[in-house]
Amino acid sequence: DDDDDDDDDDDAWRTPVLGARSSGGGRVETRLAEIRSWLASRPHRHAVYLILDDLNLLFGDDGRGTNLPPDHFVHTVDEGDTAKENVGLTTERVRVAVEKVRKQIEGDRVRREILLSKDSAAHPPWYTAEEWNALKESDLPCDVLAKETCPIVVKAAASQYLREYRIKKEKVKGCSLCAIQ
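Predicted, not measured: the structure shown is a model, and the values here were computed from it. (Residues numbered from 1 in each chain as written. Predicted model: local features only at pLDDT ≥ 70, side-chain atom pairs only at ≥ 80, totals over all residues. Heavy atoms only, no water.)

## Let's talk about the layout of surface pockets
The gaps of empty space that remain are located by a probe, the size of a water molecule, rolled over the atoms. Of the volumes computed, that of the largest pocket is approximately 500 Å³. As for the largest pocket, its lining consists of 20 residues, and the residues nearest its centre are Ala47, Asp108, Arg111, Lys147 and Glu148. A class-by-class count of the residues in the lining of the largest pocket yields 10 nonpolar, four polar and six charged. (1 Å grid on protein atoms, 1.4 Å probe; cavity = no way out; pocket = protein on both sides within 12 Å on 5 of 7 lines; lining within 4 Å. Points joined across faces, edges and corners; volume = space filled by probe spheres on them. Nonpolar A, V, L, I, M, F, W, Y, C, P; charged D, E, K, R; others polar.)

Shown next, in the form of structure tokens:
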């Protein structure tokens, strides 16, 4: 039904409600499962994101760390201070949220600049240095390939390019006229 697609777009900012179906059991684990499910369904959209929540998602119900990056989270309730004026999006929390997003955007920009620099030896961990240097010489969008959230179609094009690159390299390697004597 086409109307369902429109509803999905209208609710795109909302996390799914997993409730009792979530495999964690606790409130924090359930909320994290909802958030991770939402992020996983939008792999090309979440290089920069911020989670605002009244639960402290940095720590599980058992008190252990949850591996949620602190630079992607703002807790909207101060532990022990639940006075009405200190709950929710206070001016200070909005300032912190904007600063965290700004730092994410800047960090993403700097990482891409380093990876795309012709002189840089840096490369995304999913490519070898040789593969990354070959890709930088291609017409492929390396700024997109440098992101963990690169669309599958672009990754497929990179894989095809690297296959062709390896074949060409092997042909040159086996060519007796091309060998340096």
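Past the structure itself, the notes keep going.
## Some words on the pattern of salt bridges
Following the criterion strictly, the structure yields eight salt bridges and no others. For Lys169, the salt bridge goes to Glu130, with nearest N and O atoms at 2.2 Å. Highlighted residues: Lys169 in helix α6 (residues 152-174) and Glu130 in helix α4 (residues 129-137), separated in sequence by 39 residues. (Salt bridge = Lys/Arg side-chain N within 4 Å of Asp/Glu carboxyl O. Helix = DSSP H or I, 4+ residues; strand = E, 2+ residues; numbered from the N terminus.)

## Overview of a nonpolar patch on the surface
Taken together, the side chains of Leu52, Leu89, Val94 and Val98 make up a nonpolar region of the molecular surface, amounting to roughly 350 Å² of accessible area. By secondary structure assignment, the location of Leu89 is in the loop between β2 (73-75) and α3 (91-116). When its relative accessible area of 54% is taken as the criterion, Leu89 is described as exposed. (Patch = residues over 30% accessible without salt bridge, like charges linked within 9 Å, V, L, I, M, F, W, Y side chains within 5 Å. Areas by Shrake-Rupley, 256 points an atom, 1.4 Å probe, with all protein chains shown as cover. Buried < 20%, exposed > 50% of the residue type's maximum accessible area, 1.4 Å probe, protein only.)

## A closer look at α3
The first and last C-alpha atoms of α3 sit 38 Å apart over 26 residues, in line with the 38 Å expected at 1.5 Å per residue. Contact partners of the buried residues in α3: β1 (51-53), β2 and α4. (Expected span 1.5 Å × (residues − 1). Contact = heavy atoms within 4.5 Å.)

## Some remarks on the packing of α4 against α6
Two elements in contact, α4 and α6, have axes whose closest approach is 10 Å; the angle formed by their N-to-C orientations is 105°. Between α4 and α6, the angle is such that the two are roughly perpendicular. Counted together, Glu130, Glu131, Ala134, Leu135 and Glu137 of α4 and Ala158, Tyr161, Leu162, Tyr165, Arg166 and Lys169 of α6 form the full contact between these two elements. (Axes fitted to C-alpha atoms, helices over the stretch in contact; angles between N-to-C directions. Parallel < 35°, antiparallel > 145°, perpendicular 65-115°, else oblique.)

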